[in-house]
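Structural overview for review
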Amino acid sequence: MHTVAGEIAAAPLSRVLPDVLKEAGYARVACFDLLNGFRDVEPGEGSYLGQLGLTPTNGAAPGGIDLLSSTLERHVGAEGPPSALIVDFASRLIARNEALSPPEHQLFSRALILSHSARVRPAGDKRLPYFNTVVWIVDKEGDLPDWFLIGNPRIRHIPIGRPDHVARRSMIRSLVRGLPGAQSADQPALGKSVQGFVDETEGLLLLDLSAVAQLARSEGVQFDRIGDAVRRFKVGVTDDPWRKISRDKISSGEDFVRRRVKGQAHAVTHMLDIVKRAVTGIGQSPRGGRPRGVVFLAGPTGVGKTELAKTITSLLFGDESAYIRFDMSEFSAEHSDQRLIGAPPGYIGYDVGGELTNAIREKPFSVVLFDEIEKAHPRILDKFLQVLDDGVLTSGRGDRVYFSEAFIVFTSNLGIYVPGPTGERIANVTPEETFEGVRRKVRGEIEKHFKQVLNRPEILNRIGENVIVFDFIRPDIANEIFDQMVDNLLKDVRSLGHDVTLAEAAREVLRGLCLADLSNGGRGIRNQVESHLINPLSRSLFDKGAEAGRKYRIEAIRPGASTTIELVSESP
């Protein structure tokens, strides 16, 4: 930052650094970058570039990497007062760090040798020791060759962190006054806008703040709606997409969801409460970066956990396939986090990016489902902690990807089984237990897993009370699921041109076959319907050479090694 006439504004490091070096006692400062070559900070008679053997015109001299290499040697050994050479955009001096070209290798070999041979000279009134210093401005330390940096006592790594809230506030006060509507606003309103701007720009650079303010001015965003401009800068959407969702749609959502998720009334109510919080923004962190909603769905297999996530997606977007799903059993290896966020530079797949970071960048307003989260490698869980804490992930390419508009859903089977004395899986909960007993045991195992097994209790703390335990599919609910599946199937068959009905006696036989074992929940019922109805019906229609438009009735279902049906034609 720099101050002009009492106003604080952002400035490039290459502009501020020469002043800092002058104040530190460096009498001569020159700059270099690949595009502009060499530039003297104070051009004029006896310029430093001329002393380095260059021929400046108006304080500048063209030059590339070869000339930089030879100029380094003249700079380090230059006589006279202390001097500094700033090499800007040094990360772009090298095309590929692992395969240097001859000019690149010569440059850094010469720089390495010069760093060891350079000698200090006393200068100034206090006769302090000075080198003729070279300042390399890089994006990150690894952009320069390791053999040049590591173990070199003459190289000092000076990290410049992202601006803290104090630095951001200093600059934001000036920026807010230039936003639409700020000139006529009172001080409390301006103060509130400043605070909101500060809170929502955690992790952004000062230049980013200027870009947000410029965006707000160009799009006419009022000073008291600066959060809309920050959102546009981060995820490309100015208006809050959650506030655009019809309240009537959410209000009537319970009936819609319960038609598809059977027997989990408590889970549906809790999930809709979280959705309503996301839509209204109540309880959102003042820093504004965390996901809109986070929920952890636990319970037996086939009870509707994934179905609930799909249904909520359908409620929000009108399309259940609009959610982004990751099967975490595919991310159990140590380095599988690279599939999610992208490989770092120099590794295979670096240019492809990460599956998760790419998906969120394309669809920031989305439901993101992480199925069977307990199967993910603990290294990936650390990435989730960043998402839950700050709502941001840094991709392998260094881009910041924001989750502030996403709704995160984790599903898990934790607590349903526990390891036995010899390592076998034994049931921790059974359908014979009450739901309260099931919930207590499952919650206990989830806490044990995160606290004792993974040693990551902080992840569970971020989810808080949004752990929703599903009940087993009880017999009365199983009957509802069965009837709905069969009716939907016959409706689908009818849409294909075959009018098939199911005699009541046959339905009851089928019911007994499909509901004999509820251990796999609704998914198990679906499998049994497929085995005892869909397969034999398809076989019978095919073997009979069934024609579209004819009516058929299933009179009987006969189980066996392969279930058969008695299909009677009702058409003349």
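Right, let's walk through the structure included here.

**Section: the overall build of the protein chain**
Of regular secondary structure, the protein chain possesses 21 helices and 21 strands. For 572 residues, the compact-globule formula gives about 25 Å, and the C-alpha radius of gyration of the protein chain, at 33 Å, lies well above that figure. Relative to its full complement of 572 residues, the protein chain shows a buried share of 45%. Intrachain contacts of the protein chain at a sequence separation of at least 6 include 69% that bridge at least 24 residues. Treating the 72 positive side-chain charges of the protein chain as one cloud and the 75 negative ones as another, the clouds have centres 2 Å apart.

**Remarks on the nonpolar core**
In this structure, Leu308, Ile312, Phe407, Val409, Ile525 and Ile554 are the most contacted members of the largest nonpolar core, which totals 57 residues. Residue contributions to this core peak at 9 residues, all from helix α19 (residues 475-495). The contacts of Ile525, once residues within four sequence positions are left out, are Ala478, Ile481, Phe482, Met485, Cys514, Leu515 and Leu518. Core analysis: the next-biggest nonpolar cluster, separate from the first, contains 42 residues, Met328, Phe384, Val438 and Val467 among them.

**Side note on the packing of aromatic side chains**
Scanning the entire structure with this criterion turns up 13 aromatic pairs. Ring plane angle 50° and centroid distance 4.8 Å describe the contact between Phe32 and Phe38, whose orientation is recorded as tilted. By relative accessible area, Phe32 is classed as buried at 1%. Overall, Phe38 belongs to the buried group, its relative accessible area being 0%.

**Brief notes about the pairing of strand β21 (residues 564-569)**
Relative to β21, strand β20 (residues 551-558) is paired through 6 bridges, and the arrangement is antiparallel. By the bridge assignment, Arg553 is partnered in β21 with Val568. Counting the residues that bridge the hairpin from β20 to β21 gives 5 residues.

**Focus on the packing of α19 against helix α20 (residues 504-514)**
When two helices pack together, their arrangement is given by the angle between the helix axes and the distance between those axes. Where α19 meets α20, the axes come as close as 11 Å, and the angle between the chain directions of the two elements is 120°. Viewed along their axes, α19 and α20 adopt a mutual orientation that is oblique. Crossing geometry of α19 relative to α20 is assigned as right-handed. Between α19 and α20, the residues in contact are Asn479, Phe482, Asp483, Val486 and Asp487 and Arg507, Leu510, Arg511 and Cys514, respectively. Grouping the amino acids of the contact of α19 with α20 by side-chain chemistry returns 4 nonpolar, 1 polar and 4 charged.

**Side note on the sheet that holds strand β3 (residues 28-33)**
Strand order in this open sheet of 5 strands is β5-β4-β3-β6-β9, and the pairing throughout is mixed. Edge positions in the sheet fall to β5 (60-61) and β9 (133-136), since each of these pairs with one other strand and no more. Across the sheet, helix α3 (residues 65-76) is in contact with β3, β4 (37-40), β6 (83-87) and β9; its angle to β6 comes to roughly 160°.

**Quick look at α20**
Ala506, Arg507, Leu510, Arg511 and Cys514 are the residues of α20 that are buried. The buried residues of α20 all sit within an arc of 145° when viewed along its axis, so they share a single face. The inward-facing, buried residues of α20 abut α19, β19 (499-502), α21 (521-543) and β20.

**Comments concerning unusual backbone geometry**
Backbone geometry places Phe89, a non-glycine residue, at a positive phi of 50°. The residue Phe89 is located in the loop between β6 and α4 (102-117) in this model. Relative accessible area serves as the criterion here: at 55%, Phe89 is assigned to the exposed category. Not every positive phi belongs to a glycine, and Arg127 is a case in point at roughly 55°. Along the polypeptide, Arg127 turns up in the loop between β7 (121-123) and β8 (128-130).

**Observations regarding the environment of Leu68**
Here Leu68 is to be found in helix α3. Among the residues examined, Leu68 registers a relative accessible area of 0% and is labelled buried. When near neighbours in sequence (up to four residues on either side) are disregarded, Leu68 contacts Phe32, Phe38, Leu85, Val87, Leu93 and Leu107.

**With respect to the pattern of salt bridges**
A complete count under the given rule lists 31 salt bridges for this structure. Between Glu433 and Lys441 there is a salt bridge; the shortest N-O distance is 3.3 Å. Under the relative-accessibility criterion, Lys441 is labelled partly exposed at 33%.

**A word on the sheet that holds strand β12 (residues 367-371)**
Taken in spatial order, the 5 strands make up an open sheet running β11-β12-β15-β10-β18, and their pairing is parallel. Edge positions in the sheet fall to β11 (324-327) and β18 (467-469), since each of these pairs with one other strand and no more. When strand polarity is set aside, the average angle formed by the axes of neighbouring strands in this sheet is 20°. Sitting on the sheet, helix α17 (residues 435-453) is in contact with β10 (293-298) and β18, with an inclination near 140° to β18.

**As for helix α15 (residues 355-362)**
Within α15, the full set of buried residues consists of Leu356, Thr357, Ala359 and Ile360. Around the axis of α15, the buried residues are gathered within 165° of arc, so they sit on the same side.

What counts, and where the lines are drawn
Residues numbered from 1 in each chain as written. Predicted model: local features only at pLDDT ≥ 70, side-chain atom pairs only at ≥ 80, totals over all residues. Heavy atoms only, no water. Helix = DSSP H or I, 4+ residues; strand = E, 2+ residues; numbered from the N terminus. Rg over C-alpha atoms; globule rule 2.2 N^0.38 Å. Buried < 20%, exposed > 50% of the residue type's maximum accessible area, 1.4 Å probe, protein only. Contact = heavy atoms within 4.5 Å. Lys, Arg positive; Asp, Glu negative; His and termini not counted. Charge placed at Lys NZ, Arg CZ, Asp CG, Glu CD. Core = buried A, V, L, I, M, F, W, Y, C linked by side-chain atoms within 4.5 Å. Phe/Tyr/Trp six-rings, centres within 6.5 Å; stacked < 30°, edge-to-face > 60°. Pairing = 2+ DSSP bridges. Axes fitted to C-alpha atoms, helices over the stretch in contact; angles between N-to-C directions. Parallel < 35°, antiparallel > 145°, perpendicular 65-115°, else oblique. Left-handed = near helix turned anticlockwise from the far one by under 90°. Nonpolar A, V, L, I, M, F, W, Y, C, P; charged D, E, K, R; others polar. Arc of directions from axis to C-beta. Salt bridge = Lys/Arg side-chain N within 4 Å of Asp/Glu carboxyl O.

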